[in-house]
Amino acid sequence: MTEIIINTEKSAGTINRNIYGHFSEHLGRCVYGGLFVEGGSDIPNTRGMRNDVVSALKNIKIPVLRWPGGCFADEYHWKNGVGKNRSKMVNTHWGGVVEDNSFGTHEFMELCSQLGCEPYVCGNVGSGTVREMSEWVEYITFGGISPMADLRKENGREEPWKLKYLGIGNENWACGGNMRAEYYSDEYRRYQTYCRNYGDNKLYKIACGSGTEDYSWTETLMERCAPFMDGLSIHYYTVPGEWSKKGCATVFDADQYYTTIKKAVNIAEIIDAHLKVMDKYDPEHKVDMVIDEWGTWFDVEEGTNPGFLYQQNTMRDAIVAAVSLDIFNARCSRISMANIAQIVNVLQSVILTDGGKMVLTPTYHVYDLYKRHHDAECLYHSIENVSIGGLPQFSATASRKDGELTLTVSNASLNESSDMSVSVPGLNVKNASGRILTNEARAHNTFDAPDTVKITPLAVKAEASIISFTLPPCSVAEIVII
Ligand code: AHR
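Quantities reported herein were computed from a predicted structural model and do not represent experimental measurements.

Conventions and cut-offs
Residues numbered from 1 in each chain as written. Predicted model: local features only at pLDDT ≥ 70, side-chain atom pairs only at ≥ 80, totals over all residues. Heavy atoms only, no water. Pairing = 2+ DSSP bridges. Helix = DSSP H or I, 4+ residues; strand = E, 2+ residues; numbered from the N terminus. Axes fitted to C-alpha atoms, helices over the stretch in contact; angles between N-to-C directions. Domains from an automatic or database assignment. Contact = heavy atoms within 4.5 Å. Buried area = accessible area lost by both parts, 1.4 Å probe. Salt bridge = Lys/Arg side-chain N within 4 Å of Asp/Glu carboxyl O. Polar contact = N/O pair within 3.5 Å; in protein donor to acceptor, adjacent residues only side chain to side chain. Nonpolar A, V, L, I, M, F, W, Y, C, P; charged D, E, K, R; others polar. Disulfide = S-S within 2.5 Å. Buried < 20%, exposed > 50% of the residue type's maximum accessible area, 1.4 Å probe, protein only. Phe/Tyr/Trp six-rings, centres within 6.5 Å; stacked < 30°, edge-to-face > 60°. Lys NZ or Arg CZ within 6 Å of the ring centre and 35° of its normal. Near = heavy atom within 4 Å. Areas by Shrake-Rupley, 256 points an atom, 1.4 Å probe, with all protein chains shown as cover. Expected span 1.5 Å × (residues − 1). Core = buried A, V, L, I, M, F, W, Y, C linked by side-chain atoms within 4.5 Å.

A. Just the sheet that holds strand β13 (residues 335-341), in detail. Strand order in this closed barrel of 8 strands is β2-β5-β8-β9-β10-β11-β12-β13, and the pairing throughout is parallel. When the angles between neighbouring strand axes are averaged without regard to direction, this sheet yields 30°. In this sheet, strand β8 (residues 118-123) lies alongside strand β5 (residues 64-67) in parallel orientation, the contact comprising 4 bridges. By the bridge assignment for β8, Trp67 is matched with Val121.

B. Inspection of the domain arrangement of the protein chain at higher detail. Splitting the protein chain by domain gives domain 1 (15-374) and domain 2 (379-481). Taking only C-alpha atoms into account, the centre of domain 1 sits 29 Å from that of domain 2. With 39 residues of domain 1 at the contact, the number on the domain 2 side is 38 residues. When domain 1 packs against domain 2, close to 3,200 Å² is buried across both sides, 64% of that on carbon and sulfur atoms. Looking at the side of domain 1 facing domain 2, the largest losses of area belong to Met315, Leu369 and Arg372, adding up to 26% of the total buried there. Where domain 1 meets domain 2, there are 2 salt bridges. A salt bridge links Glu404 to Arg372, with the nearest nitrogen and oxygen atoms 2.6 Å apart. Where domain 1 touches domain 2, the interface holds 21 residue pairs in polar contact (both at pLDDT 80 or more). Of all the elements in the fold, those that place two or more residues in the side of domain 1 that touches domain 2 are α7 (254-265), α9 (315-330), β14 (351-354), β15 (357-360) and α10 (362-369). Looking at which element gives the most residues to the side of domain 1 that touches domain 2, the answer is α9, with 8 residues. Grouping the amino acids of the side of domain 1 that touches domain 2 by side-chain chemistry returns 22 nonpolar, 10 polar and 7 charged.

C. Spatial organisation of the state of the cysteines. Counted under the stated rule, the structure contains 1 disulfide. A disulfide bridge connects Cys71 with Cys175, and the sulfur atoms are separated by 2.2 Å. Measuring handedness by torsion sign, the sulfur bridge of Cys71 and Cys175 sits at about -90° and is left-handed. Of the two residues, Cys71 sits in the loop between β5 and β6 (89-91) while Cys175 sits in the loop between β9 (165-168) and α5 (181-193), which places them 104 residues apart along the sequence.

D. Looking closely at the pairing of strand β25 (residues 466-471). A one-sided burial pattern is seen for β25, the buried positions being Ile467, Phe469 and Leu471 and the unburied ones Ile466, Ser468 and Thr470. Pairing of strand β21 (residues 418-423) with β25, which is carried by 6 bridges, proceeds in the antiparallel orientation. Within the sheet, the bridge partner assigned to Asp419 lies in β25 and is Thr470. Between the antiparallel neighbours strand β24 (residues 461-463) and β25 lie 2 residues, among them Ala464 with a positive phi of about 50°.

E. Looking closely at the packing of aromatic side chains. For the structure on display, the rule yields 21 aromatic pairs. With 5.0 Å between their ring centres and 80° between their planes, Trp243 and Trp297 make a pair best called edge-to-face. Placement of the pair is Trp243 in the loop between β11 (231-238) and α7 and Trp297 in the loop between β12 (288-296) and α9, with a sequence separation of 54 residues. Residue classification places Trp297 among the buried positions, given a relative accessible area of 14%. Taken together through their ring pairs, the aromatic side chains of Tyr32, Phe36, Trp67, Phe72, Tyr76, Trp78, Phe103, Phe108, Trp136 and Tyr139 make up a single cluster. Just above the ring of Phe252 sits the side chain of Arg442; from NZ or CZ to the centre is 6.0 Å.

F. The sheet that holds β21, seen in detail. Pairing in this open sheet of 10 strands is mixed, and the strands run β23-β22-β26-β20-β19-β16-β1-β21-β25-β24 from one edge to the other. Each edge of the open sheet carries a strand with a single partner, namely β23 (455-458) and β24. Here the strands of the sheet are splayed against their neighbours by 25° on average, with no regard to which way each runs. Where strand β20 (residues 404-411) meets strand β26 (residues 475-481), 7 bridges bridge the pair, whose relative direction is antiparallel. Bridged to Ser410 within β26 is Val476. Packed on one face of the sheet, α9 meets β1 (2-14), β16 (377-383), β19 (394-401), β20, β22 (432-438) and β26 and runs near 130° to β20. On top of the sheet, α10 reaches β20, β22, β23 and β26; it is set at about 165° to β22, its chief contact.

G. Looking closely at the site of the ligand. In the neighbourhood of the ligand, the contacting residues comprise Phe23, Glu25, Gly70, Cys71, Trp94, Asn170, Glu171, Tyr237, Glu293, Trp297, Gln342 and Leu347. At a separation of 2.7 Å, an oxygen atom of the ligand approaches a polar side-chain atom of Glu25. Interatomic distance of 2.8 Å between a side-chain N/O atom of Tyr237 and an oxygen atom of the ligand. Compared with its free state, where it exposes 290 Å², the ligand has 94% of that area covered by protein. Here the residues of the shell around the ligand sort into 6 nonpolar, 3 polar and 3 charged.

H. Spotlight on the pairing of β8. Judged by how many residues are buried, β8 sits mostly within the fold: 5 of 6 residues are covered. The pairing of β8 with β9 spans 4 bridges and is parallel. Residue pairing for β9: Tyr120 is matched across the bridge by Tyr165.

I. View of helix α8 (residues 267-281). With 15 residues, α8 extends 22 Å from end C-alpha to end C-alpha; this agrees with the ideal 21 Å at 1.5 Å per step. Every buried residue of α8 is accounted for by Ile267, Ala268, Ile270, Ile271, His274, Leu275, Val277 and Met278.

J. Here's a closer look at the nonpolar core. Leu57, Ile271, Ile291 and Phe328 are the most contacted members of the largest nonpolar core, which has 121 residues in total. In terms of residue count, the dominant contributor to this core is α9 (10 residues). Taken domain by domain, the makeup of this core includes at least three residues from each of domain 1 (15-374) and domain 2 (379-481). Those residues in contact with Ile271, other than ones at most four positions away along the chain, are Ile234, Met289, Ile291, Ile327, Phe328, Arg331 and Ile335. Counting 23 residues, the second largest nonpolar core, distinct from the first, contains Phe394, Met420, Val429 and Ile481.

Below, the structure is given as structure tokens:
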């Protein structure tokens with residue numbers, strides 16, 4: 001029997017729904033084919049946006065979408081993607097394919113509006129200009145008379161859009177210009193100066209942060225730029241092997257499985273070490289941490305373009321998603337946003353498509369099980385945990401919203417099931433219900449068998465203030481307690 005105690009008296013803060021954010025880059029079949037189809041397509045769509053994909057994403061209440069990159073952001077010139085005559089370019093980062101710019105600013109804003117989510121635009125520092133980024137903000141958000149507002153109107157959009165989240169470059173220490181932290185800091189200060197707040201639109205400026213363990217980048221950025229930023233990003237990918245041989249998404253043994261989950265859990269240490277550096281320069285916590293790229297990264301599926309980063313998604317990914325989201329939720333007082341990479345057909349996607357077909361991945365179902373945590377109060381809990389070679393077997397989040405408690409809990413063990421007993425001292429439980437996602441670790445959904453991994457009801461017993469249920473191996477569950 002494993003005991004979980006939920007402490008309704010002690011809150012860790014509010015879980016910003018943007019922790020459940022997503023990322024869409026002009027990479028492979030993420031935007032083109034995944035989210036957006038060209039005019040004349042027989043795939044059902046509304047102004048180009050796939051109806052099946054939009055409706056599935058609305059079900060998990062996607063709160064924010066980052067675009068257009070990633071590495072692509074630092075070679076994207078937004079003016080090529082507006083108006084009638086759009087020039088083509090080569091997507092040199094991702095597969096060397098022709099980018100026809102048919103999906104641009106208007107299309108992205110249309111997509112966000114159909115999804116009911118906040119747009120998060122990442123601007124070009126690496127190969128762009130201050131003027132270009134400044135004009136992009138003016139084009140999107142200025143309501144008066146100006147060259148960019150007039151251009152937007154000419155292009156068919158009278159009213160400005162609202163834009164809160166603005167990234168000033170992406171991975172500028174690598175694909176975004178190979179800059180030194182000192183140089184980027186100066187560029188950051190200059191670029192952000194000219195990104196103006198028009199009318200009542202207030203930008204939330206996100207500085208490019210470190211890749212994984214480069215704490216000196218965080219140190220330099222915080223020391224030199226903290227007063228000019230709202231958020232500082234970090235990126236973290238879970239790669240089971242080496243970058244040159246990452247490992248297969250669907251074929252792996254128990255060792256590789258546990259190594260993957262351990263590497264995912266390692267993000268907690270990395271976040272805490274970056275937060276420690278941030279605290280040194282910002283004791284009042286004015287700057288948030290934004291984890292705007294995270295997820296699993298495996299070898300691409302055989303027979304696919306290596307530059308398209310297309311990978312399958314198994315129950316192992318579901319466990320990675322669950323433990324990662326628990327780590328973010330527990331630090332919700334400092335993490336304002338996290339964007340899993342990437343939303344469709346790239347890396348740890350929630351959706352895969354093939355022509356007109358669509359499947360929901362195990363990771364999608366975790367986002368479904370966790371959606372009640374959006375904007376909820378994160379409650380402290382304790383678990384009688386067991387170590388699997390240094391990896392905690394169980395991971396959980398407990399939250400409260402509108403008088404209802406939600407507990408999500410995962411079991412990372414490949415073979416041990418556990419009887420769980422959840423107590424909520426002081427609560428007279430009226431009702432408890434559960435849903436669960438479970439299967440063997442390699443199980444995944446295909447276009448021929450889309451429901452191999454799916455959410456099913458979980459039998460839950462509630463007596464006085466104790467809730468009990470059985471958690472099978474390799475599973476993620478949601479318990480709602482009223
Ligand atoms: O998500 C794929 C790539 O990973 C992004 O373009 C880049 O920012 C990161 O290195």
